[in-house]
Amino acid sequence: MTDRREAQLMRLLGDVVLTSTPRGVVAFSSNGSFLWANRSAARIAGTTPEELTRHGLCDGFWGEGLDEDAEAALAGAAPVRREVARSGPDGGRQWIERFVAPVALPDAEGLV
């Protein structure tokens, strides 16, 4: 298998895993703008994937301190994990485990 073909295969496998996992996955650019979310993220948040696009990294929608976790992950080039509260779909408190990791994106840096 050529390196190019292997890279294509890995991208496709990554797409399948990210879109089909029951865990919510959201990606932001290094400037904090929303890039992508899987359907599980929308389900957990009690909204639609389209609605998620309206919420950047610093938006309280994602729970307290996401911007701080993102800065720590980028500065240390290592993941940050913690449990945080956010407003749930019914208006009550929803506890989520958040895992913030720096990732290399083509021609950019980002966070997942």
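Scroll up for the structure.
Along each chain, numbering runs from 1 in the same order as the chain's sequence is written. Local features in this predicted model are restricted to residues of pLDDT 70 or higher, and side-chain atom pairs are both shown and tallied only at a pLDDT of 80 or more, whereas totals for entire chains, interfaces and linings draw on every residue. The side-chain quantities take in all heavy atoms of the structure and omit both hydrogens and water.

Q: Give a description of the overall build of the chain that names residues and reports values.
A: A run of DSSP states H or I qualifies as a helix once it reaches four residues; a run of E qualifies as a strand once it reaches two. Both are numbered from the N-terminal end. Summing up its helical and strand segments, the chain has four helices and six strands in all. Starting at the N terminus, the α and β elements of the chain follow one another as α-β-β-α-α-α-β-β-β-β. Seen through its C-alpha atoms, the chain measures out along the principal axes to roughly 50 × 30 × 20 Å. In the chain, which comprises 112 residues, the proportion classed as buried is 33%. Note on classification: 1.4 Å probe, protein chains only; a residue is buried when its accessible area is under 20% of the maximum for its type, exposed when over 50%, partly exposed between these limits.

Q: Requested: an account of the nonpolar core, with residues and values cited.
A: Throughout, nonpolar core names a set of buried Ala, Val, Leu, Ile, Met, Phe, Trp, Tyr and Cys residues whose side chains join them through atoms within 4.5 Å. If you look at the biggest cluster of nonpolar residues, it comprises 16 residues, and the most contacted ones within it are Val-26, Phe-28, Phe-34, Ala-37, Leu-52, Trp-62 and Leu-66. Listed by contribution, the elements that provide at least two residues to this core are strand 1 (26–29), strand 2 (34–37), helix 2 (39–45) and helix 4 (66–76).

Q: Lay out the pattern of salt bridges in plain terms, naming residues and giving numbers.
A: Each salt bridge in this description consists of a side-chain nitrogen of Lys or Arg and a carboxyl oxygen of Asp or Glu lying within 4 Å of one another. Scanning all chains against the criterion turns up four salt bridges. Between Arg-82 and Asp-69 there is a salt bridge, and its shortest N-O distance comes to 2.9 Å. A residue pair is termed long-range when its members are at least 10 positions apart, and Arg-82 in strand 3 (residues 80–87) and Asp-69 in helix 4 qualify at 13 residues. Its salt-bridge partner being Glu-97, residue Arg-81 comes within 3.3 Å of it at the nearest N-O pair. Of this pair, Arg-81 sits in strand 3 while Glu-97 sits in strand 4 (residues 93–100); the two residues are 16 residues apart in sequence, bridging distant segments of the chain.

Q: Give me the lowdown on a nonpolar patch on the surface, citing residues and values where you can.
A: Side chains of Leu-9, Met-10 and Leu-13 sit close together on the surface and give an oily, nonpolar patch of about 280 Å² of accessible area. With respect to the helices, strands and loops of the structure, Met-10 is situated in helix 1 (residues 3–20). Only residues whose relative accessible area exceeds 30% and that take part in no salt bridge are eligible for patches, with like-charged residues grouped when within 9 Å of each other and nonpolar side chains (Val, Leu, Ile, Met, Phe, Trp, Tyr) grouped when within 5 Å. Per-residue and other accessible areas follow the Shrake-Rupley method at a 1.4 Å probe size, with only the shown protein chains counted as cover for residues.

Q: So what's going on with the pairing of strand 2? Which residues, and what values?
A: One requirement defines pairing of two strands: DSSP has to find at least two bridges between them. Bridge count for strand 1 against strand 2 is three bridges, and the pairing is antiparallel. Following the sheet pairing, Phe-28 is matched in strand 2 by Phe-34.

Q: An account of the side chain of Ser-29 is needed here, citing residue identities and associated values.
A: As for its position among the elements, Ser-29 is in strand 1. For the purposes of these results, a polar contact is taken to be a pair of N or O atoms within 3.5 Å, where, inside protein, one atom must be able to donate a hydrogen and its partner to accept one; residues adjacent in sequence count only when each atom of the pair is a side-chain atom. There is a polar contact of 2.3 Å between the side chain of Ser-29 and the side chain of Asn-31. One polar contact links Ser-29 to Ser-33, side chain to side chain, over a distance of 2.8 Å.

Structural measurements only, silent on function.
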